[in-house]
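Okay, here's what each chain looks like letter by letter:
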Amino acid sequence: MDLPSQRPILLDGATGTNLMQAGAPKGACLEYWAMKHPQVIQELLQAYVAAGSQIVHAPTFGANRVRLAEHGFQDMMEEINVALVRTAKEAVGDRALVAGDIGPVAKPCAPFGELTFWDLIGIYAEQALALRDGGADLLICETMMSLEELRAAILGARQAKLPILASMTVGEDGQTPFGSDPLACMISVQDLGIAAFGLNCSYGPREMVPHLDRLAPYAKVPLLAKPNAGLPISTDPLQYGLSPQDFGREMVSLLEVGAGLLGGCCGTTPEYIAEMADAVKGFQAPKQSKAFSPEDLIAANDKQIFFLPEEVELSEPIPCSLDMADDLLRWEESGCGALCIQLDTFDDVELFGLNSHMIHDLPVCFSSHRAGLLENALIRYQGKALLDSRSEVDREVLLALCEHYGALLI
């Protein structure tokens, strides 16, 4: 299934704030409530389609096993996801595509939390497969708060073999709530096979413009923008600062800096989407200049990107151990161009993963005699990594790993 070819593609608006306006109790599990009130969902999505939405979201944002467990519904994960997608499909028929909505687990992984990164991938994968079984046309991993969370969601969602849109939320400082840099995140994931990358939630269209503008010169995939209806001005009742007319006018500025998919987040209603659709009608997107050429080598961690020279000076191979942090810091201060991490066992992958947060200012290159170790390291590393061409692995295998996980062979 391909996304619509004509740009901009119009998404829908908010789900959660509209469910609360429709009577969902405060503190309730919105996904369970929506499943028990299918007519509310159908009327909302039908109104979005009438307003111009080409893609609507099934109300499954918090329907992963961890979030559902907060309400005691973890054993209903599959049932809830399947039911909500089917409700959405019945509502819009063939007039719009239905995206299965995958929201954040919002829990850090080891060594800062109880979940492992592999746990997180599995949590997202099981939700993605349930959304697929319900009939979703595509998946959107949205409001992601860290690169770790975003990568886990994408890697898990890929198992459903559906197009994936990826979106993060950032504050006024341009960083995600867990401190990831959105440009570094985009560089890290845009070669993982996603169909679009962007920003959602946080604030209104005007405030989102500089953050999206920073991404545009480096984007290989279409950019997505789904801001709020401004900032909240009242919590009881819940009200946001922008009128539908103001929201529609301000959305044009996001098109001007390169957005190809547009929608609304918290506080937006079908009226907001109708105003947006009217405002962007007939818009001709300007050509975007790129900050890189196809020949450029760009690596990343979750905080920054690295433009690499043709010849990268690697550190000596660094063995993995529980206390390898000192070696990582010593080599980071040595003046080399990248840290070469030597992998001899699967335990090495985990040991490196537990220490990788100590690396700040250099890209990471993996070296091993086993393809399986390199693959596990590419999954586990939170960034865009390098593979050492001197590894005792067939070059064609190395190239295939790079293509599948968005890595660079040096």
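This write-up is about the structure you can find in this document. (Residues numbered from 1 in each chain as written. Predicted model: local features only at pLDDT ≥ 70, side-chain atom pairs only at ≥ 80, totals over all residues. Heavy atoms only, no water.)

### Observations concerning the overall build of the protein
Formally: Labels follow the DSSP assignment, with helices taken as runs of H or I lasting at least four residues and strands as runs of E lasting at least two, numbered in each case from the N terminus. Note on exposure labels: buried denotes an accessible area under 20% of the residue type's maximum, exposed denotes more than 50%, and partly exposed covers the range between, all computed with a 1.4 Å probe on protein chains only. Residue burial considers only the protein chains on display, and all accessible areas are found by Shrake-Rupley using a 1.4 Å probe. In this tally, Asp and Glu contribute negative charge and Lys and Arg positive charge; neither His nor the terminal groups of the chain are included. The atoms used to mark charge sites are NZ of Lys, CZ of Arg, CG of Asp and CD of Glu.
Each helix and strand in the protein was counted, giving 15 helices and 17 strands. Considering only C-alpha atoms, the protein reaches an extent of 60 × 50 × 40 Å along its principal axes. Burial status across the protein gives 57% buried among its 410 residues. For the protein, the exposed area adds up to about 16800 Å²; of that, 50% sits on carbon and sulfur atoms. When the 28 positive and 55 negative side-chain charges of the protein are each reduced to one mean point, those points stand 5 Å apart.

### Topic: the packing of aromatic side chains
Spelled out, the test is: Pairing of aromatic rings covers Phe, Tyr and Trp, the last through its six-membered ring, and needs centres within 6.5 Å; plane angles under 30 degrees mean stacked, over 60 mean edge-to-face, and all others mean tilted.
Inspection of the entire model under this criterion finds 6 aromatic pairs. Measuring from ring centre to ring centre gives 5.6 Å for F247 and Y272, while their planes differ by 75°; the resulting arrangement is edge-to-face. Separated by 25 residues along the polypeptide, F247 in helix α10 (residues 244-256) and Y272 in helix α11 (residues 270-279) bring together distant segments of the chain. For the pair formed by F247 and Y272, the shared burial category is buried. With a centroid separation of 6.2 Å and an interplanar angle of 40°, the aromatic rings of F352 and Y381 are classed as tilted. Of the two residues, F352 sits in helix α13 (residues 346-355) while Y381 sits in the loop between α14 (371-380) and β16 (386-387), which places them 29 residues apart along the sequence. Of the two residues examined, F352 and Y381, each falls in the buried class. In textbook terms, an aromatic cluster arises when at least three aromatic residues are bridged by ring pairs, as seen for F352, F366 and Y381.

### What about the side chain of T143?
What counts, and what does not: Two N or O atoms count as a polar contact when they lie within 3.5 Å, although within protein this holds only if one can serve as hydrogen donor and the other as acceptor, and sequence-adjacent residues are included solely when both atoms are side-chain atoms. A contact between two residues is defined here by any heavy atoms of the two lying within 4.5 Å.
One can find T143 in strand β4 (residues 138-144). A polar atom in the side chain of T143 sits 2.8 Å from the side chain of N200. Discounting chain neighbours no more than four positions away, the residues touching T143 are F61, P104, S167, M168, T169, N200 and C201.

### What to know about the nonpolar core
Convention followed: Nine residue types can take part in a nonpolar core, namely buried Ala, Val, Leu, Ile, Met, Phe, Trp, Tyr and Cys, and a core is a set of them joined through side-chain atoms within 4.5 Å.
Counting residues in hydrophobic clusters, the biggest one holds 130 residues, and the most contacted among them are L150, F197, L262, I341 and F366. With 8 residues, helix α6 (residues 117-134) is the largest single contributor of residues to this core. Those residues in contact with L150 that lie beyond four places of it in its chain are M144, A166, M168, C185, V189 and F197. Listed in part, the 12 residues of the second largest apolar core include L3, L11, I55 and L165.

### Some words on the pairing of strand β3 (residues 97-102)
Cut-off, in case you're wondering: When DSSP finds at least two bridges between two strands, those strands are taken to pair. For the handedness criterion, the strands are oriented away from the viewer, and a crossover whose path from the first strand over the helix to the second runs clockwise is classed as right-handed.
Among the 6 residues that make up β3, 6 are buried, leaving the element largely enclosed by the rest of the structure. Of the two faces of β3, the one carrying L97, A99 and D101 and the one carrying V98, G100 and I102 are both buried. Bridging between β3 and β4 involves 4 bridges; their strand directions are parallel. Bridged to D101 within β4 is I140. Handedness of the crossover joining β3 and β4 through α6: right-handed.

### As for the environment of L30
Among the structural elements, L30 can be located in helix α2 (residues 30-36). Sequence spacing of L30 and R395 is 365 residues, and the spatial spacing of their C-alpha atoms is 49 Å. The residues touching L30, leaving out its near neighbours within four places in the chain, are G16, L19, M20 and A24.

### Things to note about the packing of α6 against helix α7 (residues 147-157)
Two packed helices can be described by the angle between their axes and the distance between those axes. Going by this rule: With axes taken as lines fitted to C-alpha atoms, and helix axes fitted only over the stretch in contact, angles between N-to-C directions fall between 0 and 180 degrees. Angles below 35 degrees are treated as roughly parallel, those above 145 as roughly antiparallel, those between 65 and 115 as roughly perpendicular, and all remaining angles as oblique. Crossings are classed by handedness, with left-handed meaning an anticlockwise turn of the near helix from the far one by less than a right angle and right-handed meaning a clockwise turn. Charged means Asp, Glu, Lys or Arg here, nonpolar means Ala, Val, Leu, Ile, Met, Phe, Trp, Tyr, Cys or Pro, and polar covers whatever is left, Gly included.
Contact pair α6 / α7: the axes reach a minimum separation of 7 Å and the direction vectors enclose 50°. With respect to α7, the element α6 is oriented oblique. Handedness of the α6/α7 crossing: right-handed. Only E148, E149, R151, A152, A153, L155, G156 and A157 of α7 make contact with α6, whose side of the interface consists of F117, L120, I121, Y124, A125 and A128. Looking at the contact of α6 with α7 residue by residue, the class counts come to 10 nonpolar, 1 polar and 3 charged.

### A closer look at the layout of surface pockets
Note the cut-off: Only protein atoms enter the 1 Å grid used here. Points where a 1.4 Å probe fits but cannot escape make up a cavity, open sets with protein on both sides within 12 Å along at least five of seven lines make up a pocket, and a residue lines them when an atom lies within 4 Å of a point. Grid points are joined across faces, edges and corners, and a volume is the space filled by probe spheres set on the points.
For the largest pocket, the calculated volume is near 820 Å³. For the largest pocket, the lining is made up of 34 residues, of which G16, T17, M20, L30 and F61 are closest to its centre. Broken down by secondary-structure element, the contributors of at least two residues to the lining of the largest pocket are α1 (16-21), α2, α4 (65-69) and β4. Here the lining of the largest pocket gets 5 residues from one element, more than from any other, and that element is α1. Per-class residue counts for the lining of the largest pocket are 15 nonpolar, 11 polar and 8 charged. The space that makes up the second largest pocket amounts to roughly 530 Å³. F112, E148, D302, H357 and Q382 are the residues nearest the centre of the second largest pocket, which is lined by 24 residues in total. For the lining of the second largest pocket, the leading source of residues is α7, giving 3 residues. Residue composition of the lining of the second largest pocket, by class: 10 nonpolar, 8 polar and 6 charged.

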